[in-house]
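Summary of the model geometry
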Amino acid sequence: MAKNTICVWYDKDAEAAARFYAETFPDSAVGRVHHSPGDYPSGKKGDVLMVEFTVAGVACVGLNGGPTPKHSEAFSFQISTETQEETDRYWNAIVGNGGTENVCGWCRDKWGIFWQITPRVLMEAMSAGGDEARRAFEAMMNMGKIDVAAIEAARRG
């Protein structure tokens, strides 16, 4: 287990979520699955309690902790993409697997976890600052899934 690991709370489907992420994102995998040694408030002895996994190289632990607390945009995975095809692939995988669309490149998976599917061109525009950043930002504010061509056009003015 990594020294610093993100712990993501799930109601009861941490293993299913981890397997979906491993199938969807490169450099992702499911590690050890830990079963509860005894009964606990939202489960029984032998239930999957924790799952070690990585998402795009980031070490995580999924904890089946029950229906509360609920997730918010205060925590999200941000996945950087190179092309519209890659952006579409990740966005469509999350939304098409019971997730929901949101604005400005955000979506939510069926387990309630928020994702930012963010093309590199958008981050480059924001880093450029000035009018280029303003135009790209204004274009992004009108999008759900990010349109790479529209961001590139906005950057050029």
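Above: the structure in question.
Not measured: the values here are computed from a predicted model.

With mixed pairing, the four strands of this open sheet are ordered in space as β1-β4-β3-β2. The sheet is open, and its two edges are formed by β1 (6-10) and β2 (29-35), each paired on a single side. Neighbour-to-neighbour, the strand axes of this sheet turn through a mean angle of 20°, independent of strand direction. Two strands pair when backbone bridges link them, and strand β3 (residues 48-55) and strand β4 (residues 58-64) are joined in this way by six bridges, in the antiparallel orientation. Across the sheet, Met 50 pairs through a bridge with Leu 63, a residue of β4.

On to the side chain of Thr 81, then. Relative to the helices and strands, Thr 81 resides in strand β5 (residues 76-81). Those residues in contact with Thr 81 that lie beyond four places of it in its chain are Glu 86, Thr 87, Tyr 90, Ile 117, Thr 118, Pro 119 and Arg 120.

By definition, the strands of a sheet pair up through backbone hydrogen bonds, in either a parallel or an antiparallel sense. Pairing is mixed across the open sheet formed by four strands, whose spatial order is β5-β8-β7-β6. With one partner strand each, in any of the chains shown, β5 and β6 (100-101) form the two edges of the open sheet. Contacts from helix α2 (residues 84-96) reach β5, β6, β7 (106-108) and β8 (114-119) within the one sheet, and its direction differs from that of β8 by about 165°. On top of the sheet, helix α3 (residues 120-128) reaches β5 and β8; it is set at about 75° to β8, its chief contact.

This brings us to the nonpolar core. Membership of the largest hydrophobic core comes to 24 residues, with the highest contact counts inside it found for Tyr 10, Tyr 21, Phe 25, Phe 53, Val 55, Trp 115 and Ile 117. Elements supplying a minimum of two residues to this core: β1, α1 (14-24), β3, β5, α2 and β8. Among the elements that take part in this core, α1 stands out by supplying five residues, more than any other. With sequence-adjacent residues up to four places away left out, Phe 25 is seen in contact with Val 55, Ile 79, Tyr 90, Ile 94 and Trp 115. Membership of the second largest hydrophobic core comes to 14 residues, among which are Trp 106, Leu 122, Ala 136 and Met 140.

Glancing now at the environment of Ala 128. Examined against the element boundaries, Ala 128 turns out to sit in helix α3. Residues Ala 128 and Arg 155, 27 residues apart in the sequence, show an inter-C-alpha distance of 9.4 Å.

Residue Pro 69 is reached from Thr 68 by a cis peptide bond, and omega for that bond is 5°. As for its placement among the helices and strands, Pro 69 is situated in the loop between β4 and β5. Positive phi is not limited to glycine here, since Ala 56 has a value of about 50°. One non-glycine residue, Cys 104, adopts positive backbone phi at about 60°. Inspection of the secondary structure assignment puts Cys 104 in the loop between β6 and β7.

Here we take up the packing of helix α4 (residues 130-140) against helix α5 (residues 148-156). Direction vectors running N to C along α4 and α5 enclose 145°, while the axes themselves pass 7 Å from each other. By crossing handedness, the relation of α4 to α5 is classed as right-handed. In contact with Glu 132, Arg 135, Ala 136, Ala 139 and Met 140 of α4, α5 contributes Ile 151, Ala 154, Arg 155 and Arg 156. Per-class residue counts for the contact of α4 with α5 are five nonpolar, no polar and four charged.

Rules behind the numbers
- Residues numbered from 1 in each chain as written.
- Predicted model: local features only at pLDDT ≥ 70, side-chain atom pairs only at ≥ 80, totals over all residues.
- Heavy atoms only, no water.
- Pairing = 2+ DSSP bridges.
- Helix = DSSP H or I, 4+ residues; strand = E, 2+ residues; numbered from the N terminus.
- Axes fitted to C-alpha atoms, helices over the stretch in contact; angles between N-to-C directions.
- Contact = heavy atoms within 4.5 Å.
- Core = buried A, V, L, I, M, F, W, Y, C linked by side-chain atoms within 4.5 Å.
- Buried < 20%, exposed > 50% of the residue type's maximum accessible area, 1.4 Å probe, protein only.
- Left-handed = near helix turned anticlockwise from the far one by under 90°.
- Nonpolar A, V, L, I, M, F, W, Y, C, P; charged D, E, K, R; others polar.

Just distances and angles here, no functional claims.
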